[in-house]
Amino acid sequence: MEKQLIGKAKQAALEVLLHNMNGPYHGLPRTAGWGYPEPYTRDLLITALGIGVSGNDPLKESMVKVLETLAGTQSKNGHIPSLVHDQENRGASDTTPLFLLATGIFRKIMDQPDFLEEAVQKAMTWMEFQKPADSGLVAQQPTSDWRDEQWVPGYGLFVNTLTYSYLKLFDKQEQANEILKEMSRFALTDKPYYALWTYKVYSSERFDLLGNSLAILSGIIPVSNAKDIIAWIEDECAGMRLKGELAVDLPPNLFPFIEPGDLDWITRYQYFNQPGEYHNGGIWPFVCGFYIAALVACEQYQLAGEKLIVLGKALQAAADQSKNLQFGFNEWLKAQSGKPAGQDWQSWSASMYIYAAECVATKRTPFFENIR
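Let me begin by describing the structure that accompanies this report. Values in this document were obtained by computation on a predicted structure and should not be read as measured data. (Residues numbered from 1 in each chain as written. Predicted model: local features only at pLDDT ≥ 70, side-chain atom pairs only at ≥ 80, totals over all residues. Heavy atoms only, no water.)

1. Here's the deal with the layout of surface pockets
- Approximately 340 Å³ is the volume attributed to the largest pocket.
- Along the walls of the largest pocket sit 19 residues, with Tyr40, Arg42, Asp43, Asp148 and Tyr278 positioned nearest its centre.
- A class-by-class count of the residues in the lining of the largest pocket yields seven nonpolar, seven polar and five charged.
- Taken as a whole, the second largest pocket encloses approximately 230 Å³ of empty space.
- Along the wall of the second largest pocket there are 15 residues; nearest its centre are Trp151, Pro153, Trp197, Asp264 and Tyr269.
- In the lining of the second largest pocket, the residues fall into 10 nonpolar, three polar and two charged. (1 Å grid on protein atoms, 1.4 Å probe; cavity = no way out; pocket = protein on both sides within 12 Å on 5 of 7 lines; lining within 4 Å. Points joined across faces, edges and corners; volume = space filled by probe spheres on them. Nonpolar A, V, L, I, M, F, W, Y, C, P; charged D, E, K, R; others polar.)

What follows is the structure, encoded as structure tokens:
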């Protein structure tokens, strides 16, 4: 029965990606099935992982079109825009490293080692100029990565794990080692995981599921330490469920939640980022996909399989019956209730389910095996 669920969810995820493949902007993919018709760069680049293992040629061709379009809308200094088709929509810190990661992956898939070489070199030059010390960690401005309602100042964990990953993928070992040497800045004295962000003597001790999952998946965090992090995550989530803060056996993207009155609470959060919602502790299916892949990287195969089933059931429960859907693939779920929120049939939610399912089935993490 559980294998049937996974199979149905994978098939539904493929249908989502095929449905979203041709959007209204220059024939580029849309970000979600009915809402978000725009081709958001970070969302579509993250879909490269699921598309890369899907075996579906039209989807692969669509991703190539995304990458080629971004090479054309790239700034003269090498920055990748936030919307694939809009050269003027700029400001994100994660789009350029995601472009490099996705291009590196598709070079291997296509067996074209020089694919988009000029754009790759420009993007790498841009990333070098994001390093205040001329080496090591990449810095970012607040609100400029995927958390558009939550500030990540200084050195963000997510962006640096992305940067490390593409450097390893392109065999830039010396530059990758520079980042690795400085990852101790993210270390916390009394917690096993890496900080969400760090700058000088400051850091955030809230747990960033995406950043830590990528740190595990890319090999930044050794397996022995990674297993301690996973044990901590599962213990913390069990405690949250007992307190009624978590309704689903999946980790929120951020916890503990930012509460009104906390030093990092921002007034605007009361409208867009309540505790357990959106970036402030919502359950994001695409992030859970990265977590499941990280579990596989640590050889936690049974736990990875269990989480894949829980994720499939959560996506099934979120289906909009009025649209005759079997699976919702929503943007995020409210932590305290599991209630779906944001747009459904989200491309990166669908793609990362396909990728996570492939990891569980093969006990491998495609594209990250050699990175680790």
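2. Some details on the packing of helix 2 (residues 41-54) against helix 3 (residues 57-73)
- Contact geometry of helix 2 with helix 3 gives a least axis separation of 9 Å together with a crossing angle of 145°. Relative to helix 3, helix 2 is oriented so that their crossing is left-handed. Contacts between helix 2 and helix 3 involve Thr41, Leu44, Leu45, Thr47, Ala48, Ile51, Gly52 and Ser54 from the former and Leu59, Lys60, Met63, Val66, Leu67 and Leu70 from the latter.
- Class assignment for the residues of the contact of helix 2 with helix 3 results in nine nonpolar, four polar and one charged. (Axes fitted to C-alpha atoms, helices over the stretch in contact; angles between N-to-C directions. Helix = DSSP H or I, 4+ residues; strand = E, 2+ residues; numbered from the N terminus. Left-handed = near helix turned anticlockwise from the far one by under 90°. Contact = heavy atoms within 4.5 Å.)

3. Observations regarding the side chain of Arg42
- In this structure, Arg42 sits in helix 2.
- With relative accessibility at 14%, the residue Arg42 sits in the buried group.
- Contact partners of Arg42, with chain neighbours within four places excluded, come to Ala92, Asp94, Thr95, Leu98, Ser144, Asp145, Trp146 and Trp348. (Buried < 20%, exposed > 50% of the residue type's maximum accessible area, 1.4 Å probe, protein only.)

4. Points about the packing of aromatic side chains
- On inspection of all chains with the given rule, the structure shows 21 aromatic pairs.
- With a centroid separation of 5.0 Å and an interplanar angle of 80°, the aromatic rings of Tyr193 and Phe207 are classed as edge-to-face. With Tyr193 in the loop between helix 7 (173-182) and strand 2 (197-199) and Phe207 in strand 4 (residues 207-208), the pair connects residues that are 14 residues apart, well separated along the chain.
- Ring centres 5.1 Å apart and planes at 50° place the aromatic pair Phe207 and Phe255 in the tilted group. (Phe/Tyr/Trp six-rings, centres within 6.5 Å; stacked < 30°, edge-to-face > 60°.)

5. A few points about the pattern of salt bridges
- Using the criterion set out here, one finds 18 salt bridges in the structure.
- With its nearest N and O atoms 3.7 Å apart, the salt bridge here joins Glu205 to Lys191. One end of the pair, Glu205, is in the loop between strand 3 (202-203) and strand 4; the other, Lys191, is in the loop between helix 7 and strand 2, and 14 residues separate them in sequence.
- Owing to a relative accessible area of 39%, Glu205 belongs among the partly exposed residues under this scheme.
- When the shortest N-O distance is used, the salt bridge between Asp344 and Lys323 registers 3.2 Å. A residue pair is termed long-range when its members are at least 10 positions apart, and Asp344 in the loop between strand 7 (340-341) and helix 13 (347-362) and Lys323 in the loop between helix 12 (301-317) and strand 6 (332-333) qualify at 21 residues.
- Since its relative accessible area comes to 7%, Asp344 is described here as buried.
- Sharing partners across several salt bridges, the network here consists of Glu234, Arg241, Asp249 and Lys307. (Salt bridge = Lys/Arg side-chain N within 4 Å of Asp/Glu carboxyl O.)

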